[in-house]
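Geometric and topological summary
The primary structure of each chain is shown beneath.
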Amino acid sequence: MENIFSIRRRFQFFFFIKFAAIGVFAPYMALYFTRKGMSGIEMGMILGMMPLVKMFVQPVFSLIGDIYHAQRALMFYGCLATALTVSALYLVDQFLPILMLMAAFSAMDTPAEPIVNALSLDYLEKEKRKNDFASLRLWGSAGFAVAAFIGGWLFSGSLLVHLPLVYALLLVVSAFLCLTMPVGAAERTPTWLEGIKILPDRPSLSLFLLGIVFVSAPLNVGVQYMSVYLEDLNALSWLVGFIVAIQAVLEVPMMAKTPQITRRIGLKAALLTGVLLLPLRWLSYLFIRDAWLVIPTQLLHATAIVSVQVVAVEFVDRLVPHEWRSTGQGLLATAFRGMGPSLGLFVSGFAYQEAGMRGVWFFCLVFSLIGAVAVDAALRIPAARRALLKEASPGI
């Protein structure tokens with residue numbers, strides 16, 4: 001039996017707690033700000049600004065982590081600072097102070113996820129199980145699912161005001177788990193100039209990340225606005241939590257099977273499947289008028305998440321040198337959690353103001369189609385095709 005304090009378990013616990021924090025906060029953030037009296041445009045500005053901050057801060061943190069080998073410190077202090085910042089939401093109700101707090105929150109929250117992805121890949125490579133990343137990441141989906149379901153039940157009424165405190169407590173636990181993460185010795189010290197040239201020297205990576213921007217824009221809009229959409233459909237509070245949670249529940253068995261799936265159909269097909277199916281989700285929301293019918297569409301969300309947050313992690317890792325592993329994951333996080341959400345949530349705020357949820361879902365449909373075309377084009381570039389053909393690591 002595996003030791004409960006083994007390195008593998010530490011990574012699994014971290015993913016569970018960190019994504020539980022996301023599951024408590026992210027799906028109900030739009031509802032939280034609506035209850036604080038924010039208008040549709042103000043809410044769009046807050047939610048759109050947050051990933052915009054990540055877009056500029058994330059690459060810098062990732063470069064610092066690789067160049068100065070400061071991954072663990074960045075994760076620890078980032079989690080603690082995020083917990084402190086989000087707790088201050090208790091003290092303010094006006095738009096400008098909330099905007100400033102959420103900007104600070106977004107900056108401090110950036111290092112943890114891409115760095116732990118990189119450290120996980122380092123650990124799995126030493127264990128000769130590099131393609132087993134999904135077995136660690138699925139714990140994040142499990143944590144998200146549990147927290148989202150409980151959150152839908154707890155935060156449907158007056159308890160919504162306590163949402164930031166629950167998030168902050170989970171982040172404090174995550175911070176101390178960061179201190180247990182192994183950090184391997186660096187083979188060499190890379191330079192800032194090398195880091196700046198990563199994207200210009202790799203057009204396949206640049207185009208792939210552009211596609212991820214357009215795919216992630218509607219994905220993040222879907223997470224933020226799902227609770228608002230379900231309220232419009234008069235869904236019961238427990239059903240809201242169930243629908244938000246089920247998307248992550250479905251991710252768990254899919255991630256568990258990801259290594260076998262990628263060996264059977266190849267990395268390219270595994271990447272494209274979720275991306276190409278995603279537009280069907282947004283199209284269905286234009287016609288659904290019964291909250292129960294939303295449940296089966298969450299399978300499309302789960303498939304897309306496996307593609308862009310598990311399979312894409314391995315693909316990007318193949319495109320960058322080992323010494324830039326944190327930076328490669330940071331660039332992927334910048335596209336998925338920075339540029340895409342910033343664009344998506346800002347535009348969706350105006351779409352919601354003018355046309356309600358139908359306007360939001362139409363925007364999601366258009367962007368996901370553009371993203372699918374860009375990702376497919378990126379995978380056809382020779383450098384990307386060579387990366388896709390790299391042999392899997394033994395031992396899985």
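This section reports on the structure supplied with the text. (Residues numbered from 1 in each chain as written. Predicted model: local features only at pLDDT ≥ 70, side-chain atom pairs only at ≥ 80, totals over all residues. Heavy atoms only, no water.)

**A few points about the overall build of the chain**
Condition: The secondary structure listing takes helices from DSSP runs of H or I that are at least 4 residues long and strands from runs of E that are at least 2 residues long, numbered from the N terminus. In this description the radius of gyration comes from C-alpha coordinates, and the expected globular size is given by 2.2 Å times residues to the power 0.38. When a residue's accessible area, from a 1.4 Å probe over protein chains only, is under 20% of the maximum for its type it is buried; when over 50% it is exposed; and in between it is partly exposed. Whether two residues are in contact is decided by their heavy atoms, any of which lying within 4.5 Å being enough.
Broken down by element type, the chain carries 16 helices and 0 strands. The globule rule puts the C-alpha radius of gyration for 396 residues at 21 Å, and the 20 Å found for the chain is close to it. Counting only C-alpha atoms and orienting by the principal axes, one finds that the chain spans roughly 55 × 45 × 40 Å. By residue count, 59% of the 396 residues in the chain fall in the buried class. Contacts in the chain between residues at least 24 apart in sequence constitute 86% of all its contacts with a sequence separation of at least 6.

**Topic: the pattern of salt bridges**
Put simply, the rule reads: In the sections that follow, a salt bridge refers to a side-chain nitrogen of Lys or Arg positioned within 4 Å of a carboxyl oxygen of Asp or Glu.
Within the structure shown, the criterion is met by 11 salt bridges. For R35, the salt bridge is made with E231, and the minimal N-O distance between the two is 3.5 Å. Of this pair, R35 sits in helix α2 (residues 29-35) while E231 sits in helix α10 (residues 203-232); the two residues are 196 residues apart in sequence, bridging distant segments of the chain. You can call R35 partly exposed: its relative accessible area is 42%.

**Examining helix α12 (residues 258-265)**
Helical periodicity: at 3.6 residues per turn, an α-helix aligns residues three or four positions apart in one direction. Stated formally: Taken from the helix axis, the directions to the C-beta atoms give the arc we talk about.
Those residues of α12 that sit buried are T258, P259 and T262. Across the axial projection of α12, the buried residues extend over an arc of 105 degrees, all falling on one side.

**Looking at the packing of helix α6 (residues 112-126) against helix α15 (residues 325-379)**
For clarity, the threshold we go by: What counts as an axis is a line fitted to C-alpha atoms, over the stretch in contact for a helix, and the angles between N-to-C directions run from 0 to 180 degrees. Comment on the angle field: the value is read as roughly parallel under 35 degrees, roughly antiparallel over 145, roughly perpendicular from 65 to 115, and oblique elsewhere. For any helix crossing, the convention is left-handed if the near helix is rotated counterclockwise from the far helix by under a right angle, and right-handed if that rotation is clockwise.
Between α6 and α15, the shortest axis-to-axis distance is 8 Å and the interhelical angle comes to 140 degrees. Relative to α15, α6 is oriented oblique. The handedness of the crossing between α6 and α15 comes out as right-handed. Counted together, E113, P114, N117, A118, L121, D122 and E125 of α6 and R325, S326, Q329, G330, A333 and R337 of α15 form the full contact between these two elements.

**Topic: the packing of helix α11 (residues 237-256) against helix α14 (residues 298-319)**
Each pair of packed helices gets described by two things: the angle between the helix axes and the distance between those axes. Rules: Any residue outside Ala, Val, Leu, Ile, Met, Phe, Trp, Tyr, Cys, Pro, Asp, Glu, Lys and Arg is labelled polar, Gly included; the first ten of those are nonpolar and the last four are charged.
Contact geometry of α11 with α14 gives a least axis separation of 8 Å together with a crossing angle of 55 degrees. When the axes of α11 and α14 are compared, the pair comes out oblique. Regarding α11 and α14, the two cross each other, and that crossing is right-handed. Contacts between α11 and α14 involve I243, I246, Q247, L250, E251, M254 and M255 from the first element and Q298, L299, H301, A302, T303, I305, V306 and V310 from the second. Considered class by class, the residues forming the contact of α11 with α14 number 10 nonpolar, 4 polar and 1 charged.

**Digging into the side chain of K36**
What counts here: A 3.5 Å cut-off defines polar contacts: any pair of N or O atoms within that distance qualifies, except that in protein one atom must be a possible hydrogen donor and the other a possible acceptor, and neighbouring residues in sequence count only when both atoms are side-chain atoms.
Within the element layout of this structure, K36 appears in the loop between α2 and α3 (40-68). Of the polar contacts made by the side chain of K36, one reaches the backbone oxygen of V92; its length is 2.8 Å. In terms of polar contacts, K36 uses its side chain to reach the side chain of D93, at 2.8 Å. Leave out the neighbours within four places in its chain, and K36 touches L89, V92, D93 and I98.

**Here's the deal with the nonpolar core**
Keep this limit in mind: By convention a nonpolar core is built from buried Ala, Val, Leu, Ile, Met, Phe, Trp, Tyr and Cys residues, the set being connected through side-chain atoms within 4.5 Å.
Counting 139 residues, the largest nonpolar core has F33, M102, F208, F315 and W361 as its most contacted members. Top contributing element to this core by residue count: α15, with 17 residues. Setting aside residues up to four positions removed in sequence, W361 forms contacts with G222, M226, Y229, W282, Y285 and L286.

**Digging into α11**
For clarity, the cut-off: What a helix is expected to span follows from its residue count: subtract one and scale by 1.5 Å. Axes are fitted to the seven residues ending at a residue and to the seven starting at it; the angle between these axes is taken as the bend at that residue.
Its 20 residues place the ends of α11 30 Å apart at the C-alpha level, agreeing with the 28 Å of an ideal helix rising 1.5 Å per residue. Largest kink in α11: about 30 degrees, centred on I246. Buried within α11 we find L239, V240, G241, I243, V244, A245, I246, Q247, A248, E251 and M255.

**Remarks on unusual backbone geometry**
In this structure, H69 is a non-glycine residue whose phi angle is positive, near 55 degrees. When you line up the elements, H69 lands in the loop between α3 and α4 (71-87). For H69, a relative accessible area of 36% puts it in the partly exposed group. Even without being glycine, N234 reaches a positive phi, approximately 60 degrees. Structurally, the position occupied by N234 is in the loop between α10 and α11. Residue classification places N234 among the exposed residues on the basis of a relative accessible area of 67%.

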